[in-house]
Amino acid sequence: MDNKLLKILGVGFGVAVTLGGTIGTGILRKPGPIAAELGDPGLIMLVWVLVSIYALIGTICTVELGTMLPRAGGWYVFTRRAFGDYPGFVVGINSWLGTCSALGFGGYTLAEYTALLFPVLEGVEYWFALCIIALLAGFHWLGLGWASSFQNVMSLIKGGGLLIFILACFFYGEPVGLEKTNEVTATVLGHGKWIAPLLFSLQAVFYTFDGWHSAAYFSEEDRNPSRNLPKSMIGGVLLIIIIYLLTNWAILYVLPMETLQQSKLAAADAIAVVFGAGAGKWVTVFLIISILGIVNAQLLFNPRVIFSMSRDGLFFRGGDQVNKKGTPAMAMPLTALIAILFILSGRETSEKLSDIATFFFVLGYVSGFASLIMLRRKEPGLPRPWRTPLYPYLPAAMLLVSVVFLIIAAYQDTGASLYAIGFLALSYPVYRMIIWLNRR
């Protein structure tokens, strides 16, 4: 153990982990509920375009932070440098626990979809989910080289699969889905009841983009972060935007609006329309690969948070250990263990924890944009290989939008928000306890 992360990553991995950490089930499941709320192809595409702009500008801002502070840990690193140890601890520990919850939920969802293809697994999804997380943890122990290569393959399959889906819809499908559903459209627009449907739709799309910042967690392991990080982060998010917009356009192209509004898995319904009912199972196969890719990405970047916190004395000692192959030796198994505990807590508890985690994910965005502004004022002399254009207008606008979205998320799910506030209240005594134990 030399406690050093390996600098072996480049642009290819940065793009792969951005795609793998972002594209999951949302792009295949959300078009139906969004169509049910909006009922108009133009409005639907507008919502996706708006959130795409948010993700792109957010990435441009985050590149400055990642190249300025090329250390493992993402939002935690930026917040601690800008605002001090305790705010950094709050963002770091909640980011880590939130992603552990998402990791456990993803493992169980992966097991559920696998059971659809292999009925022998019905009734043992929990155990199969545990095995998935444990096997991935064992694979990651082999080293960063193996884990990153696996991520590259998963992301390539994921992007290629969606490209095939898009081409199949446009080349083999009939253009039947671009009309409006007059009743819903009249309700949304004509009667002025557009705020709630629009907010629901924006929130749904917002969550499908979560993960656009994943490459920033690996800046310490990049061979040349000043040169590679802008390419991998901006290139990755642009690919995601293109894929998301074309996928939605393809779904709208082949599915009548009335069908789309009732769809729980729009991509499967679109493929069934084009190639017949039996072809829908290939979407399930794609979903399994897609979820496996995002679970692998989470198990890659999440341990870097507590590794960095341990190195700074804000987590338990030993968390900064790294094996000879570049894997955080305590942080990675501990992350997998907490995810397994979330799986064992039951699906309902896991879903609730995922809802709470969403609050903290948005809090991470808020802390990142605030850190960018604070560090420009606090440490203007720091080397900045990449500087955010149109500063301070872009980060200030992103901070405002993120705060508004945080308030909306809190308002729409008061229960999860109260739990999140409870976690925040408990964080200070836990922080003081860890500081005390480390000093002893």
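Residues numbered from 1 in each chain as written. Predicted model: local features only at pLDDT ≥ 70, side-chain atom pairs only at ≥ 80, totals over all residues. Heavy atoms only, no water.

Caption draft 1: The overall build of the protein, seen in detail. On a plain count of helices and strands, the protein comes out with 18 helices and zero strands. Whereas a compact globule of 440 residues would reach a radius of gyration of roughly 22 Å, the protein reaches 21 Å, a difference of no more than 12%. Principal-axis analysis of the C-alpha atoms gives the protein an extent of 65 × 50 × 40 Å. The averaged location of the 24 negative side-chain charges in the protein is 14 Å from the averaged location of its 30 positive side-chain charges. (Helix = DSSP H or I, 4+ residues; strand = E, 2+ residues; numbered from the N terminus. Rg over C-alpha atoms; globule rule 2.2 N^0.38 Å. Lys, Arg positive; Asp, Glu negative; His and termini not counted. Charge placed at Lys NZ, Arg CZ, Asp CG, Glu CD.)

Caption draft 2: Seen up close, the environment of Pro-328. Looking at the secondary structure, you find Pro-328 in the loop between helix H14 (281-311) and helix H15 (331-344). For Pro-328, a relative accessible area of 1% puts it in the buried group. When the C-alpha atoms of Pro-328 and Ser-308 are compared, they prove to be 10.0 Å apart, with 20 residues separating the residues in sequence. Excluding residues that lie within four positions of it along the chain, Pro-328 makes contacts with Leu-5, Pro-303, Arg-304, Gln-321, Val-322 and Pro-333. (Buried < 20%, exposed > 50% of the residue type's maximum accessible area, 1.4 Å probe, protein only. Contact = heavy atoms within 4.5 Å.)

Caption draft 3: Molecular detail of the packing of aromatic side chains. By the definition in use, this model includes 28 aromatic pairs. Taken together, a centroid distance of 5.5 Å and an interplanar angle of 50° make the contact between Phe-89 and Tyr-431 tilted. You can see Phe-89 sitting in helix H6 (residues 85-117) and its partner Tyr-431 sitting in helix H18 (residues 414-439), a full 342 residues away along the chain. For Phe-89, a relative accessible area of 1% corresponds to the buried category. (Phe/Tyr/Trp six-rings, centres within 6.5 Å; stacked < 30°, edge-to-face > 60°.)

Caption draft 4: Summary view of the nonpolar core. If you look at the biggest cluster of nonpolar residues, it comprises 131 residues, and the most contacted ones within it are Leu-28, Phe-165, Phe-209 and Met-309. For this core, the element with the highest residue contribution is H14, accounting for 15 residues. Excluding anything up to four places from it in sequence, Leu-28 contacts Leu-162, Leu-265, Ala-266, Ala-267, Val-283, Phe-286 and Leu-287. (Core = buried A, V, L, I, M, F, W, Y, C linked by side-chain atoms within 4.5 Å.)

Caption draft 5: The arrangement of the confidence of the model for the protein in detail. A residue-level look at the protein finds 93% of positions with pLDDT of 70 or above and a mean pLDDT of 88. Confidence scores differ between elements of the protein, with helix H9 (residues 182-190) showing the lowest mean pLDDT of 49 and helix H5 (residues 75-83) the highest of 96. (pLDDT = per-residue confidence, 0-100.)

Caption draft 6: Geometry of the packing of helix H1 (residues 11-22) against helix H11 (residues 225-254). Two numbers describe how H1 lies on H11: the axes approach to 8 Å, and their chain directions differ by 40°. By the criterion of interaxial angle, the relationship of H1 to H11 is oblique. Every pair of crossing elements has a handedness; the one defined by H1 and H11 is right-handed. Here H1 contributes Val-11, Gly-14, Val-15, Thr-18, Leu-19 and Thr-22 to the contact with H11, which in turn contributes Asn-228, Lys-231, Ser-232, Gly-236, Val-237, Leu-239, Ile-240, Ile-243 and Tyr-244. The residue inventory of the contact of H1 with H11, partitioned by class, reads eight nonpolar, six polar and one charged. (Axes fitted to C-alpha atoms, helices over the stretch in contact; angles between N-to-C directions. Parallel < 35°, antiparallel > 145°, perpendicular 65-115°, else oblique. Left-handed = near helix turned anticlockwise from the far one by under 90°. Nonpolar A, V, L, I, M, F, W, Y, C, P; charged D, E, K, R; others polar.)

Caption draft 7: Layout of H14. For H14, with 31 residues, the first-to-last C-alpha span of 46 Å sits near the 45 Å given by 1.5 Å per residue. Within H14, 25 of the 31 residues are buried, leaving the element largely enclosed by the surrounding structure. Just past H14, the residue Gly-313 takes up positive phi, approximately 80°. (Expected span 1.5 Å × (residues − 1).)

Caption draft 8: Local environment of the side chain of Asn-248. Checked against the element boundaries, Asn-248 lands in helix H11. Here Asn-248 is in contact with Ile-27, Pro-31, Met-45 and Trp-48, once residues within four sequence places are set aside.

Caption draft 9: Local environment of H1. With twelve residues, H1 ought to run about 16 Å at 1.5 Å a step, and its terminal C-alpha atoms sit 17 Å apart, in line with that. Burial analysis of H1 places ten of its twelve residues in the buried class, which makes it a mostly covered element. Among the residues making up H1, those that are buried are Phe-13, Gly-14, Val-15, Ala-16, Val-17, Thr-18, Leu-19, Gly-20, Gly-21 and Thr-22. In this structure, the buried side of H1 is in contact with helix H8 (144-172), helix H10 (195-208), H11 and H14.

Caption draft 10: Highlighting unusual backbone geometry. Cis geometry marks the peptide bond from Tyr-391 to Pro-392; its omega dihedral reads 5°. Inspection of the secondary structure assignment puts Pro-392 in the loop between helix H16 (347-378) and helix H17 (393-412). The backbone of Leu-390 sits at a positive phi, close to 55°, despite the residue not being glycine. Topologically, Leu-390 is positioned in the loop between H16 and H17.

Caption draft 11: Seen up close, the pattern of salt bridges. Enumeration according to the criterion identifies eight salt bridges in this entry. For Asp-312, the salt bridge identified is with Arg-71, shortest N-O distance 3.2 Å. Here Asp-312 is found in the loop between H14 and H15, whereas its partner Arg-71 is found in the loop between helix H4 (41-68) and H5, with 241 residues between them in sequence. Judged by relative accessible area, Arg-71 falls into the partly exposed class, the value being 30%. Among the salt bridges present, the one from Arg-81 reaches Glu-379, with a minimum N-O distance of 2.8 Å. Separated by 298 residues along the polypeptide, Arg-81 in helix H5 and Glu-379 in the loop between H16 and H17 bring together distant segments of the chain. One salt-bridge network, in which partners are shared between bridges, spans Arg-71, Arg-80, Asp-85 and Asp-312. (Salt bridge = Lys/Arg side-chain N within 4 Å of Asp/Glu carboxyl O.)

Caption draft 12: Spotlight on the side chain of Glu-221. Mapping Glu-221 onto the fold places it in the loop between H10 and H11. Classification of Glu-221 by relative accessible area gives buried; the value is 0%. Discounting chain neighbours no more than four positions away, the residues touching Glu-221 are Leu-5, Leu-6, Lys-7, Ile-8, Leu-9, Leu-144, Arg-304 and Gly-326.

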